[in-house]
Amino acid sequence: MAFVNIQNLRKSYGDVVAVNDVSLDIEEGEFVSILGPSGSGKTTMLKSIAGFVDPTAGSIVVAGNEMIGLPPEDRNMGLVFQRLALFPHMSVFDNVAFGLRHRENLTEAEMEERVAEILEIVSLPGYEDRNIQNLSGGEQQRVALARVLVLEPDLLLYDEPLSDLDRQLREQMRREIKDLHDRLEITSIYVTHNQREALTLSDRVLVLHEGEKVRYAPPSEIYQDPQSKFVANFVGDSNFVSVTKGQNGTVTFEDDDISLPMHEADADAPTDLLYIRPEDITINPSDGDRVFSGTVRSTVHLGSVTEYKIEVGGNEFLTTDLGAPKYTKGDSVTVQFEDYGLVEA
Ligand SMILES: Nc1ncnc2c1ncn2[C@@H]1O[C@H](COP(=O)(O)OP(=O)(O)OP(=O)(O)O)[C@@H](O)[C@H]1O
Ligand SMILES: [Mg+2]
């Protein structure tokens, strides 16, 4: 059995089904993200695992033990939330040692050693006597992590831990969480509605939609083969075009006479919706097929990339190109559809 085995987990609040029969396996040492829009049931799932929510039905087995019915403090899980709940009037040492005092019979010297080790791990060596209030947001995040790690949890649970931080700090902490996981290999579940975090941090991503599991797969698989419009839209931007499937292995745009060869994998797909990622559309390619003429409708410089809207036939396509703008509104261009696929509407 997998290290974490969740079977038919369900939680209803009156008429609202927050989590609808979700089953999930997580291997020991894996980093799994739960990704979904607001209200999709992410926090309810995490709180059920942690023991703060009583599921309506289902089972949650961790390391061979059923968790349902156990109080949170007996589950040996570490929680990191958006609101850090650090004790602001206590030192870094007292914050980190807090759980140890309640849990184990350690001497003061042993405790000091453990805290020092953990502060080293979260890159805050020698911070013991510092005051929480005088730490930066990122340093406070690391103290929150240290406080959890010092208890050596079987499972690390994160609920949007970075959403209060500014963008730069958020990116930095994301890398640190990844690095920490690579070193300590604690099985982790990370709730987020940020696809970038989910895709970059995780071994596997669970995509939730209205309480239901719509996908559970490695990031690259989800990105390259989203299978549904919901997932394609949620992990990255996509252009969608209604198409008609022809007998000869092609798809034809509904409002145009544009035809594209279909991928073999899509031959039996029971759908007539094509998705094309912005980065899979090349403007003014030097040669090749699947090239059509279009007109630039808008140009937005986003720093490292430029985003264009290009009208091709009756459709407008979002495309991205590296570097500063090369084309402006009204320019005639050609576009090449390099990659695309069919998804469920
Ligand atoms: N204690 C509660 N009582 C009633 N309904 C609840 C309760 N907790 C959650 N819900 C409902 O369950 C659904 C899922 O909520 P949940 O907090 O799990 O979503 P989420 O995916 O974490 O959203 P967000 O991204 O906004 O944090 C929502 O419709 C929410 O209103
Ligand atoms: Mg939530």
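One can find the structure itself at the top, above this paragraph.
Residues numbered from 1 in each chain as written. Chains lettered and ligands numbered in written order. Predicted model: local features only at pLDDT ≥ 70, side-chain atom pairs only at ≥ 80, totals over all residues. Heavy atoms only, no water.

Notes on the overall build of the protein
Here comes step 1: Within the protein, the regular secondary structure consists of 8 helices and 20 strands.
Here comes step 2: A principal-axis box enclosing the C-alpha atoms of the protein has dimensions of 75 × 45 × 35 Å.
Here comes step 3: Classification of the 345 residues of the protein by burial places 48% in the buried group.
Here comes step 4: For the protein, contacts bridging at least 24 residues in sequence account for 64% of all contacts bridging at least 6.
Here comes step 5: Just so you have it, the protein exposes about 16,600 Å², and 44% of that area is on carbon and sulfur atoms.
Here comes step 6: Within the protein, one finds 30 positive and 59 negative side-chain charges whose respective centroids are separated by 4 Å. (Helix = DSSP H or I, 4+ residues; strand = E, 2+ residues; numbered from the N terminus. Buried < 20%, exposed > 50% of the residue type's maximum accessible area, 1.4 Å probe, protein only. Contact = heavy atoms within 4.5 Å. Areas by Shrake-Rupley, 256 points an atom, 1.4 Å probe, with all protein chains shown as cover. Lys, Arg positive; Asp, Glu negative; His and termini not counted. Charge placed at Lys NZ, Arg CZ, Asp CG, Glu CD.)

Structural notes on the site of ligand 1
Here comes step 1: Taken together, Tyr13, Val16, Ala18, Pro37, Ser38, Gly39, Ser40, Gly41, Lys42, Thr43, Thr44 and Glu160 make up the full set of residues adjacent to ligand 1.
Here comes step 2: The contact in question runs from an oxygen atom of ligand 1 to an N or O atom on the side chain of Lys42, over 2.8 Å.
Here comes step 3: Thr44 places a side-chain nitrogen or oxygen 2.5 Å from an oxygen atom of ligand 1.
Here comes step 4: Surface burial for ligand 1 is 57%, taken as the share of its 640 Å² of free accessible area covered by protein chains.
Here comes step 5: Those elements that provide at least two residues to the shell around ligand 1 are strand 2 (16-26) and helix 1 (42-50).
Here comes step 6: When residues of the shell around ligand 1 are assigned to their parent elements, the largest contribution, 3 residues, is made by helix 1.
Here comes step 7: Tallied by class, residues from the shell around ligand 1 come to 4 nonpolar, 6 polar and 2 charged. (Near = heavy atom within 4 Å. Polar contact = N/O pair within 3.5 Å; in protein donor to acceptor, adjacent residues only side chain to side chain. Nonpolar A, V, L, I, M, F, W, Y, C, P; charged D, E, K, R; others polar.)

Notes on the pairing of strand 4 (residues 57-62)
Here comes step 1: As paired strands, strand 1 (residues 4-13) and strand 4 are joined by 5 bridges and run antiparallel to one another. Note that in strand 4 the partner of Ile6 across the bridge is Ile60.
Here comes step 2: Bridge analysis of strand 4 against strand 5 (residues 65-66) gives 2 bridges, and the strand direction is antiparallel. When the sheet's bridge partners are listed, Val61 is paired in strand 5 with Glu66. (Pairing = 2+ DSSP bridges.)

A closer look at the environment of Asn5
Here comes step 1: Position of Asn5 among the secondary structure elements: in strand 1.
Here comes step 2: On a C-alpha basis, the gap between Asn5 and Leu318 in space is 41 Å, while along the polypeptide they are 313 residues apart.
Here comes step 3: Among residues more than four places away in sequence, those in contact with Asn5 are Leu24, Asp25, Ser59, Ile60 and Val61.
Here comes step 4: Among the polar contacts made by the side chain of Asn5, one reaches the side chain of Asp25 at a distance of 2.5 Å.

Observations concerning the nonpolar core
Here comes step 1: Among the nonpolar cores identified, the biggest contains 37 residues, and Val92, Val96, Leu119, Val143, Tyr158 and Ile177 are the most heavily contacted of them.
Here comes step 2: Where this core is concerned, the elements lending two or more residues are helix 2 (92-103), helix 3 (108-121), helix 4 (137-149), strand 7 (155-159) and helix 5 (167-184).
Here comes step 3: Discounting residues that sit within four places of it in the chain, Val143 has contacts with Leu86, Val92, Asn95, Val96, Leu124, Ile132 and Leu135.
Here comes step 4: Leu24, Leu46, Val62 and Tyr216 belong to the second-largest nonpolar core, a separate cluster that totals 25 residues. (Core = buried A, V, L, I, M, F, W, Y, C linked by side-chain atoms within 4.5 Å.)

Brief notes about the side chain of Arg75
Here comes step 1: Along the chain, Arg75 falls in the loop between strand 5 and strand 6 (77-81).
Here comes step 2: One buried charged residue, Arg75, forms no salt bridge at all, with the nearest opposite charge on Asp54 at 5.7 Å.
Here comes step 3: Polar side-chain contacts of Arg75 include one of 2.8 Å to the backbone oxygen of Met67.
Here comes step 4: Among the polar contacts listed, one links the side chain of Arg75 to the backbone oxygen of Leu70, at a separation of 2.9 Å. (Salt bridge = Lys/Arg side-chain N within 4 Å of Asp/Glu carboxyl O.)

Brief notes about the pairing of strand 1
Here comes step 1: For strand 1 and strand 2, the ladder comprises 7 bridges, and the chain directions are antiparallel. Its bridge partner lying in strand 2, Tyr13 is registered against Val16.
Here comes step 2: Connecting strand 1 to the antiparallel partner strand 2 that follows it, the hairpin turn spans 2 residues, and Gly14 within it adopts a positive phi of roughly 60 degrees.

Describing the pattern of salt bridges
Oppositely charged side chains may form a pair once their charged atoms are brought near each other.
Here comes step 1: Applying the stated criterion across every chain yields a total of 14 salt bridges.
Here comes step 2: Two residues, Asp289 and Arg290, come together in a salt bridge whose shortest N-O distance is 3.3 Å.
Here comes step 3: Judged by its relative accessible area of 24%, Arg290 is partly exposed.
Here comes step 4: As a salt-bridge pair, Arg297 and Glu311 come within 2.8 Å of each other at their nearest N and O atoms. Residue Arg297 is located in strand 16 (residues 291-301), and its partner Glu311 is located in strand 17 (residues 305-312); the two are separated by 14 residues in the primary sequence.
Here comes step 5: Here Arg297 falls in the partly exposed class, since its relative accessible area comes to 34%.
Here comes step 6: Under the relative-accessibility criterion, Glu311 is labelled partly exposed at 31%.
Here comes step 7: Overlapping salt bridges bring together Glu171, Arg174, Arg175 and Arg196 as one network.

Thoughts on the sheet that holds strand 1
Here comes step 1: An order of 2-1-4-5 is seen for the 4 strands of this open sheet, with the pairing classed as antiparallel. At either margin of the open sheet sits one strand with a lone partner, and together these are strand 2 and strand 5.
Here comes step 2: Seen against the sheet, helix 1 touches strand 1, strand 2 and strand 4 and runs at an angle of roughly 120 degrees to strand 1. (Axes fitted to C-alpha atoms, helices over the stretch in contact; angles between N-to-C directions.)

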